[in-house]
Structure formats: C-alpha cells, structure tokens
Amino acid sequence: MMRRAARRLLLCVCLSLAAAYAAWAVDPTELPDPKLQARYVALTHELRCMQCQNEALADSPVDLAADLRREVRDQLLAGKSDDEIRAWMTARYGDFILFRPRYSLRNAWLWGAPGVLLLIGALVCWRVVRSRTTLLAADHEPLEEDGQSG
Amino acid sequence: MLPELGHFALILALLLAGLQAFFGIAGPAFARDRWTSTVTSAVAGQAVMVATAVVCLVTSFVGNDFSVVYVAENSNSALPLFYRVAALWGAHEGSLLLWILLLAAWTVAVALGSGRLPPRFASRVLGVLGVVSFGFLLFTLATSNPFLRLDPPAPDGRDLNPILQDPGLAVHPPILYTGYVGFAVAFAFACAAMLEGRLDQNWARWTRPWTTTAWSFLTCGIALGSFWAYYELGWGGFWFWDPVENASFMPWLMGTALVHSLAVTDKRGLFKSWTLLLAILAFSLSLLGTFLVRSGVLVSVHSFAADPTRGIFILVFLIIMIGGALTLYAWRAPLLRSPAGFEFGARESFLLFNNVLLVTAAGTVFAGTLAPLISDALKLGTLSVGPPYFNPTFMVSMLPLVALLSVGIHANWKRGRLKDSQRTLLYTFVAAGVLGCGFVFGLHAHAHLLSAVGATLAVWIVLSSLVDPIDRWRRGLTLSRAVLGMTVAHIGLALAAFALTSVQSFTTERDVALAPGATAKVGDYEVRFEGVRPVEGPNYEAVGGTLVVTRHGAPVAVMTPQKRRYWVKGTVKSETAIRLDRGNNVLLALGEDLGGGRWSIRVQIRPLVSLVWIAAFIMALGGALAASDRRYRTARAVATAPEVTGAQIG
Amino acid sequence: MTRFLLPLGLFILLAAVLAIGIRHSPEKGIIASPLLGKPAPPFSLPSLSDPAREVRSADLKGHWYLFNVWGTWCGECRQEHEMLLQVQRAGVVPIIGLDWKDDDTQAVAWLTQLGNPYQLVGTDHSGRVAIDWGVYGAPETFLVSPQGVVVYKHVGALTPDTWTREILPRLSGLPGGKS
C-alpha cells in the first residue's frame, strides 16, 4: 500500500532495528584525553545520521551511526584533524552529512544571509530615520496623552 | 453512521465557509447590506458544523470504531482513554481538523467581539477568515479526509505513535495551533483594511488585542513543545532547529515585530505599511509552516507523512492567499503615508531597530530552513543545515536586539529625550555588569564569555524595565495593564536571554556504562546503578532501571528511567527520569543493555534549563496582561491626526 | 512605487522554488552519491561461500559489474530478489553481492532457499566497506565500469524501469535516460 515515493523516503524501515526505535543513542564512548573527548562530542553532533530524519550521529540509535561514531573515535585516536575527518566523511556521503554547511563560495549566500539582511536593515533604518527627522520640524501635532508609555 | 455524519458536517461547513467568504467580501464591496448582515449567521453555522465533525471523530476514537481509517491507524483498544481522545490530532488528517476547529473558534470570537467595529469592516474581516476556512476545508475534504472508511473494519488499531503517548500531546498542539491560527485574525484585519482602502490608528487599536493574544498562545505553544521534547525525547536537548520547530518560530519572530509595529501605528499613526506587511507575513509564515511539514519537501524528525499531492494543493492555496494579499499590499500601501515625524533617539526609532532585527532573525532562520530546498532547486548540490549554522547566526541579530532594548525603554515617543536618562542608563549598566558577571563567574569559574554577556544584558533589561514602573508607583500614579504587560514580557525576554546563553556553559553531561552496584560521578552528583527490573504498563512492557542519586554524599532521589516496548507497533521508547534539585535538572535515561547486567546510562545535570520555559511563560503572561487592557475596548477619546487616505470602496 | 511590489516579487520566486521542491520530493530520500565518476572504493572481503577465499575489487577490473548491497534482515531486499534473479538470467552483467552486517549462516540459507543471483558475495561484518561506498540503507546497487569507475548508483529496490532506462543504456556506452 505504500507508494514508491514513500518507500524511498523511509529507507530506514529496511533496518528493522531502526524502525523499532523511538529512542536515541546513549554513547558511553570515553576517549582518554579530555581534549579528544571534547572533539569527539563536537564532531558527532556536527555529523548527520544518514538513515534518520534529522538527527545527529551522537543521538542516533541505528547501527550505521554506531559504526560511524566508532570511525570518528578511531580516527581521532590516530591523530587525524577535524577537517580530515570531515573530508573523509564527505568523500563517502557528500556534503549532506554535515550539519554545518561548508564555508565555500557555493554556500556564500547562506552564510552571508544574516550579514546581508542586517545591511539592508541598516539602510532601511537610515532612510526612515532621515525622512522622519526631517518631517519632525513640520510636525506640530500634540502627542495623544493618555499618560502611558506603551 | 457517525463518521458519515461527520463527513457530511464538514461538507456543510465548506459550503457555509464559502458563503461567509462571499457575503463577507462582496457585501461591502457592492454595498449590499443584506449580504453583509448574513455573514455572522454563516460564521455560526460553520462553527457548529465543524464542532459536529470533531465530536463525531472523537466519538469514533473513544468508541474504538476501527472501521474509520484514521482511527485504525492512530488508536488501539488498549490505548488509555486520555490518549484516545488526544489521538484526534496525532496525525495529519486530525491535526488539520484541529486547525479548522481553532480557526472557527477564533472567527466566532471575532464575530462576538466586533460590536464596536464598523459593520462593513467587520464583515470584511469575517469574509477573509471565511476564505482561509474554505481553503483548509477544501484541502481536508479533497486530500486528507479523516472520515474515510475501512471495509472490512480492522480488528484492532495500529496504535498511537508511542512518542505521542504522553500528557504533552494533550496540550502542545492545541495551544500551539491556537497561536499559529490566531495570526489569521491579524491577517484578516490587514486584508479588510486594504480592501477598504483605509488604515488608521483606530484600526491599529482594534487589531492589537487579537494579535497580542495570538502571540501569547504561540509563545506558550512553542515553550510547551520545547519542554515536551526535552523530557520526552530524552536526548536532553530542547531545541534542534528542526524544520518543524522553525516553522513555528518564524511566525513567532514576525509576530513579535508585528506586536511592536502595531504599537507605533496605534500611538502615532506611523509605520502603517510596515505593520500591514508584517501582518501579512506573520500569517504567511504560519501557512508556509503548514506547507513545509506536510508536503515532504524537507527532512525532519517530526514531519507528518509526506505526500506531494498535498504539497501541490497547499502550494496553490499559498499562492492564492499570500499572492493575493501581497498584490493588495502593492496596490494600497503606497497611499498610506503619514506626515508625522520623530527624532533619532525617539521610541519610534528603537522600535524600528527592534523590528529590523527581528525580521533579520526570521530571515536567517528562513534561509537556513529552506537552504536544502533552494540549493537543490538551483542545482547547487545537496545541503544540510543544522544547529551549527542556526546558533551563531541567530545570535548575530538577537544580541544587538537584547542590548538595544535596555536603551530604548527609556526613550519617549516623538522626542526621545534620552539625554535625561543618561545617568540612569549608566548606573543600570554598571549594576548589570557587576551582578551579571558576578553571578555567572560565581556559579562557574570557567564560564563562557557568552554567558557573562547574556547575564549582563539580561540584568540590564530587568533594571531598565523596572525604572519607569517603580517611578510611577512612587509618585502614586496608576500603571496600566498595557505597560505592566510590556514590563513583564520584557523581563521574560531577559530571563530567556540569560537562560539560553548560559545553559550550555553550565551543563554537565556524561554517558556511562555501569554494572549493578557501580557509581558514576557527574558534576556534583553521584549516581549509583542498582540494576533493572521488568515493569508492565497498560499497553507496553518495560525495563525499569533504579538509580540512587546523591549530591556530595547526601541523598537526593531514587530515580527510575524506563525503556518501554509498546506491544502493537513494537516500538521501543525511552522514558527519561527527571528531577529538579536546587535549580539543577538531573536527567537520567537508560541506554543499551551491554550484557552481563551492565547498562549504558545517560546522566545530564542541567542547571537553569527550566528557566528557558519559565521565561517563555512569563513573556506570554505579559502579552496576556497587555491584551486585556481596557483601553482597547473603549472608543478613542481624542481625535486622531488627519489621515492621508486612499479612495474608499463600499 | 516599485518597492511595494518587492514582497510580491520575492514571494513569486519562493513559490517557484517550492514548486521545484515538490517536483523533486519523491527523490528526497536519495542523496546524490559523491562516488559517481570516481574510482570504485577497493575492497577485499571474505567470500560467503568459502570464508577462506577472498572477493577482491582488483579481480573485478576489466569488465562491468553490479555491486549490490543487501542483508537477510532487510525487507526491501527480499522484494528486490526476484528482479536480481531476472538480471542474472539475462546474463548481460554479473552481480557482485555485499552481504552487509549479516549472519553468514542465515545468508547462505536465504540464497539457497530463494536462489542466488550473485556471481560472488563478500561479507562485510564490520560495515567498513559499506561505509567506504557511502551506503546508508539497503538495498543499494552500484554500476561499475571496466575501468573501475562508479558510473551509476541506485538507492532502493532495483526496478525493471531502472534496469531498462538507466543500467542497460550505460552498458551499451550510451548516457543514461535521466540523471
């Protein structure tokens, strides 16, 4: 009864283990060095679980996530840098595995959005304030005094 | 028989909504007063029909009528009664019915409260609400009918999704939707003004209480959702910037801007076209949110079952409603210019900055949420956006807003006279710095700079907000509910800013593997694992862990997190145990059976996290107080400034 | 005043993006593989039929092959099985199987009972090879060229439609029907 489209979306149903879980993962991995542990926690929160609908590796209970977490742990212990680990992951799964979009020209519009919006906002503010301060001179209407500031 | 009755009631509701829309808009347009006067009857009729449909569906659930497809897919005979009723909105079709019910409720409220409105204007408002109702009813009947029958009936149901089997289900969706849908009222007021070709300060005064009330509900709804996620989903997080969460947050941001813009329009007749646009955008974002979570275009933890057909329908509806409103806007807004002025340091300026920052924040969340879609459509590759993007970019617009609030609150209308408040500003800032930083570094010597900044700004807001009320009180003046509400809401914001910037700093979290009798030390607490034992529930069987929690050796609590397996769906769900101990939230969750009696257990100590939700509820309370101010219900005593109006029709 | 038309203009753009989004949404579950056009990840796995022997990617160079990821725990793989048998009977291209995170005994029983469409089956208990190939769900099927380059990836059960429109044309040296 499930449509082809719906079936494709629910690939994780294939893994009966995953389908049975409405839980997240408890991950008692503890790396010997606290700095490495901190990087481990950060990386597993930054990488997406590829089988789930919007969960991080750190939170996902499925086998694939456990395998990938183990991979992160092994690579950290082998001395790889965060960038190297991310590159390793994206070489296999593409940029979709990253929750933090790459800092690249292609994504410039996304990372630049807040700045651009603020600039536009500043421009709007400047124009409005300029025109209203000019109008102030001719505005002799008394303020509606209901004694309140709100 | 009942499902057929419900189905028929929906069809009648559709017809009545159509009449409501037609008479509501065409009546004033063609000066047919007889049409205009039938609108309220259509409103009442539609509401009765929708209520009938809801009652029919609820009865089917309570009576375990598994010949109804929706009941068969979302309920079960072993499901406790409470959840059988709440399951009504547990999936797509039923939640749409909830939407429609709440829209009908809001429409009835507006009809009842429209006594002071000019009849033609009121009729237009109800007419626009009728258009929205019509669209949703048509969508429901055409693509998402909850009354479809199963022949032969299922022997039993597939049970409600275990994650939803929680008291949170009873409150979060209804309250959230009340807010979400409530922005339709502001939208309707805006459209009515545009249709009429006139928008004045009276219009702003009429619109304010409706908008603020809807905003309060939405604030509560989002807070409840976040709280529910925290204790129900159990990963200890309360906000993931998931598309569905963003779908409710964007209208909230826009709605906050709208509430503030309405204040300026009410007080000075300024920012009319901005207010109009914000009213359109707030509801548009509500509609867009509905689209995003039901059409399958985005990947999300809690989207409803995706269906492109539904997506197309909603998209067409969006184009008609939003496209139509924005066309009206392009036509009417140019005529709304007011000649009023204000100086740079005036309250109007600060409210302008406030709104620009809120819209920037909304735009950022919008960009991040739709980025995968945009990137895919423009063939820029597959993109995925999560907290690592949203957290920093959201701060970029929010921190300045929080900082400016403390300054702006001292500014007067029209002529800011900030010079008079220079000393107050200085003293309050210094006091805030001392108190804020002192508290943060006192609690945690290695706190992040961000926490210190957040705490300082938060205390500054609280101190600044209290200056005027305390001054009035000392002078024996009354404090209106509107100003009281504003103060309370701003204090709520301050608390939220503090909580959100500090929570991460102060959290201690460890996942540990423990054998029975073993103890783990996390933060100031010790957790001793006593083992697990089987537990039987009404429609599940569980494994319950017993954990003894102590703090520096002194006993705190015995906590029993569970791992439940629901019989019908076979789903496994973790039930966390949460305990509040001197402001710390201690969260314990069972992980996996590691063999040999050992279990992996998540321990999370989170001071202050409850403050996030308490702060949100305080904000909502402030809104409710402000909306209930009597002045919104009395006619304006002073004549308003001369208007530059467009041509009037009807 | 054109600036009042700006919101409407932006909205029309948004609507266009959303419309494209809906059109693409049946493919939402499918992430474009970064391996396309790149050399197939090398592997060396124990053979299912004889764990002492190895199934190696190096041995497979020089001719086309399909690389199919499956497991006995996977329901959709069960549904795909008939199609794979048809492909095998057609004799156009061999199928190399990757038995992903599975139990060997159950896998042997499965193939005995349902028929074996695979020329060779390698067992991946650790999941390492599957990760190297960017596998995120079963079943998945890759088409590898004689030069050892991944030219096509299909996510989900293999269908007759995919076989005729995507795989066969590529085998004959033509570009695929839809990308």
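This one's a predicted model, so the numbers in the text were calculated from it and none came from an experiment.

**Student:** I tried to follow the overall build of chain C on my own but got confused; where do I start?
**Tutor:** Looking only at helices and strands, one finds five helices and seven strands in chain C. Overall, chain C shows an N-to-C arrangement of helices and strands of α-β-β-β-α-β-α-β-α-β-β-α. Each principal axis of the C-alpha distribution contributes one length, and for chain C these read about 80 × 35 × 25 Å. Looking at the 179 residues of chain C, the share that counts as buried comes to 40%. Relative to all contacts within chain C whose residues are 6 or more apart in sequence, the contacts with residues 24 or more apart total 71%.

**Student:** Help me understand the nonpolar core in this model?
**Tutor:** Side chains that are nonpolar tend, in soluble globular proteins, to be buried together. Core analysis: the largest hydrophobic core is formed by 221 residues, its most contacted members being A184, A186, F189 and I280 of chain B. At 19 residues, the largest contribution of residues to this core is made by helix α7 (residues 168-196) of chain B. Not counting residues within four places of it along the chain, the set of residues in contact with F189 of chain B comprises V125, W203, W206, T207 and A279 of chain B. Formed by 80 residues, the second largest nonpolar core is a distinct cluster that contains C52 and L64 of chain A together with L66 and I96 of chain C.

**Student:** Can you help me understand the domain arrangement of chain B in this one?
**Tutor:** The figure often quoted for interface size is the accessible area lost as the parts come together. All names here are of chain B. If you check the domain split of chain B, you get domain 1 (1-160) and domain 2 (508-609). Just the C-alpha atoms count here: the centres of domain 1 and domain 2 sit 43 Å apart. Contact residues are listed per partner, giving six residues for domain 1 and five residues for domain 2.

**Student:** Looking at this model, I keep getting lost on helix α14 (residues 422-443) of chain B. Mind explaining?
**Tutor:** Each full turn of the α-helix corresponds to 3.6 residues, which orients residues three or four apart in the same direction. Residue and element names in this part refer to chain B. Look at α14: 31 Å from first C-alpha to last across 22 residues, which is about the 32 Å you get at 1.5 Å a residue. Listing the buried residues of α14 in full gives T428, A432, G436 and V440. Viewed end-on, α14 has its buried residues packed into an arc of 70°, placing them on one side of the element. Exposed side chains of α14 directed beyond 90 degrees from the buried face belong to R423, L426, Y427, V430, V434 and G442. Summarising the contacts, the buried residues of α14 are in contact with α13 (387-408), α15 (449-474) and α16 (481-506).

**Student:** Looking at this model, I keep getting lost on the interface of chain B and chain A. Mind explaining?
**Tutor:** Taken together, the contacts link 65 residues of chain B with 46 residues of chain A. Counting residues per element, the ones that place at least two in the side of chain B that touches chain A are α9 (243-268), α12 (347-377), α13, α16, β1 (508-514), β7 (572-575), β9 (584-595) and β10 (598-607) of chain B. Sorting elements by how many residues they give to the side of chain B that touches chain A places α12 of chain B first, with nine residues. Partitioning the side of chain B that touches chain A into residue classes produces 36 nonpolar, 20 polar and nine charged.

**Student:** Please explain the packing of α16 of chain B against helix α17 (residues 609-627) of chain B as it appears in this structure.
**Tutor:** Helix-helix packing is described using two parameters, namely the angle between the two axes and the distance between the axes. All names here are of chain B. Their axes nearest at 7 Å, the elements α16 and α17 cross at an angle of 165°. When the interaxial angle is binned, α16 and α17 end up roughly antiparallel. Handedness of the crossing formed by α16 with α17: left-handed. Considered class by class, the residues forming the contact of α16 with α17 number 23 nonpolar, four polar and one charged.

**Student:** What am I meant to see in the sheet that holds strand β5 (residues 120-124) of chain C here?
**Tutor:** Note on sheets: strands pair through backbone hydrogen bonds, and any given pair is parallel or antiparallel. Residue and element names in this part refer to chain C. Taken together, five strands build an open sheet; the order of strands is β5-β4-β3-β6-β7 and the sheet is mixed. Two strands in the sheet have a free side with no partner beyond their single neighbour: β5 and β7 (150-155). Each adjacent strand pair in this sheet contributes to an overall mean axis angle of 20°, direction not counted. Pairing geometry for strand β6 (residues 140-144) and β7, over five bridges, is antiparallel.

**Student:** Just checking my understanding: could you explain unusual backbone geometry for this structure?
**Tutor:** Glycine aside, residues mostly have negative phi angles, and peptide bonds mostly take the trans form. Residue P152 of chain B is bonded to the preceding D151 of chain B through a cis peptide linkage, with omega at 5°. One can find P152 of chain B in the loop between α6 (119-143) and α7. Following A138 of chain C, the chain continues into P139 of chain C via a peptide bond in cis, with omega recorded as -5°. For P139 of chain C, the position within the fold is in the loop between α4 (128-132) and β6. Located in the positive-phi region is N64 of chain B, a residue other than glycine, with phi close to 55°.

**Student:** I tried to follow the packing of α6 of chain B against helix α11 (residues 308-332) of chain B on my own but got confused; where do I start?
**Tutor:** All names here are of chain B. Close contact between α6 and α11 brings their axes to 11 Å; oriented N to C, the two are set at 165°. Classified by the angle their axes make, α6 and α11 are roughly antiparallel. Judged by the twist between their axes, the crossing of α6 over α11 is right-handed. Each of V132, G135, F139, A142 and T143 in α6 lies in contact with α11, whose residues at this interface are T309, R310, F313, I314, F317 and M321. Tallied by class, the residues present in the contact of α6 with α11 amount to seven nonpolar, three polar and one charged.

**Student:** What am I meant to see in the sheet that holds β1 of chain B here?
**Tutor:** Residues and elements named next belong to chain B. Across the sheet, four strands lie side by side as β1-β10-β9-β8; this open sheet has antiparallel pairing. On the outer flanks of this sheet lie β1 and β8 (577-581), each paired with one strand and no other. Across this sheet, the average inter-strand angle for adjacent strands is 20°, counted without regard to direction. For β1 and β10, the ladder comprises seven bridges, and the chain directions are antiparallel. Residue pairing across strands places D511 opposite R602, the latter belonging to β10.

**Student:** Explain helix α5 (residues 160-171) of chain C to me, please; I cannot follow it from the model alone.
**Tutor:** Compared with the 16 Å implied by 1.5 Å per residue over twelve residues, the 15 Å span of α5 of chain C between its first and last C-alpha is a close match. Immediately downstream of α5 of chain C, the backbone of G173 of chain C shows phi near 90°, a positive value.

**Student:** For this particular structure, what's the right way to read the confidence of the model for chain C?
**Tutor:** For any part of a model where pLDDT is low, the fine detail of the predicted coordinates should not be relied upon. A residue-level look at chain C finds 93% of positions with pLDDT of 70 or above and a mean pLDDT of 88. Across the assembled chains, the prediction reports ipTM 0.86 with pTM 0.89.

**Student:** Could you clarify how one ought to interpret the environment of V68 of chain B in this entry?
**Tutor:** Residues and elements named next belong to chain B. Tracing the backbone through its elements, the reader meets V68 in the loop between α2 (33-62) and α3 (69-74). In this structure V68 comes out as buried when scored by C-beta crowding, with 26 C-beta atoms within 10 Å. For the pair V68 and G553, spaced 485 residues apart in sequence, the C-alpha separation works out to 56 Å. Look past the residues within four positions of V68 in its chain and what remains in contact with it is P3, S60, F147, R149 and L150.

**Student:** I'm lost on the confidence of the model for chain B in this one. Help?
**Tutor:** Confidence along chain B averages 89 in pLDDT terms, with 96% of residues attaining 70 or more. Predicted confidence for residues 637-650 of chain B stays below pLDDT 50, and this span has 27 contacts to residues more than four positions away or in other chains.

Conventions we followed
- Residues numbered from 1 in each chain as written.
- Chains lettered and ligands numbered in written order.
- Predicted model: local features only at pLDDT ≥ 70, side-chain atom pairs only at ≥ 80, totals over all residues.
- Helix = DSSP H or I, 4+ residues; strand = E, 2+ residues; numbered from the N terminus.
- Buried ≥ 20, exposed ≤ 12 C-beta atoms within 10 Å, placed from the backbone.
- Contact = placed C-beta atoms within 7 Å.
- Core = buried A, V, L, I, M, F, W, Y, C linked by C-beta atoms within 7 Å.
- Domains from an automatic or database assignment.
- Expected span 1.5 Å × (residues − 1).
- Arc of directions from axis to C-beta.
- Nonpolar A, V, L, I, M, F, W, Y, C, P; charged D, E, K, R; others polar.
- Axes fitted to C-alpha atoms, helices over the stretch in contact; angles between N-to-C directions.
- Parallel < 35°, antiparallel > 145°, perpendicular 65-115°, else oblique.
- Left-handed = near helix turned anticlockwise from the far one by under 90°.
- Pairing = 2+ DSSP bridges.
- pLDDT = per-residue confidence, 0-100.

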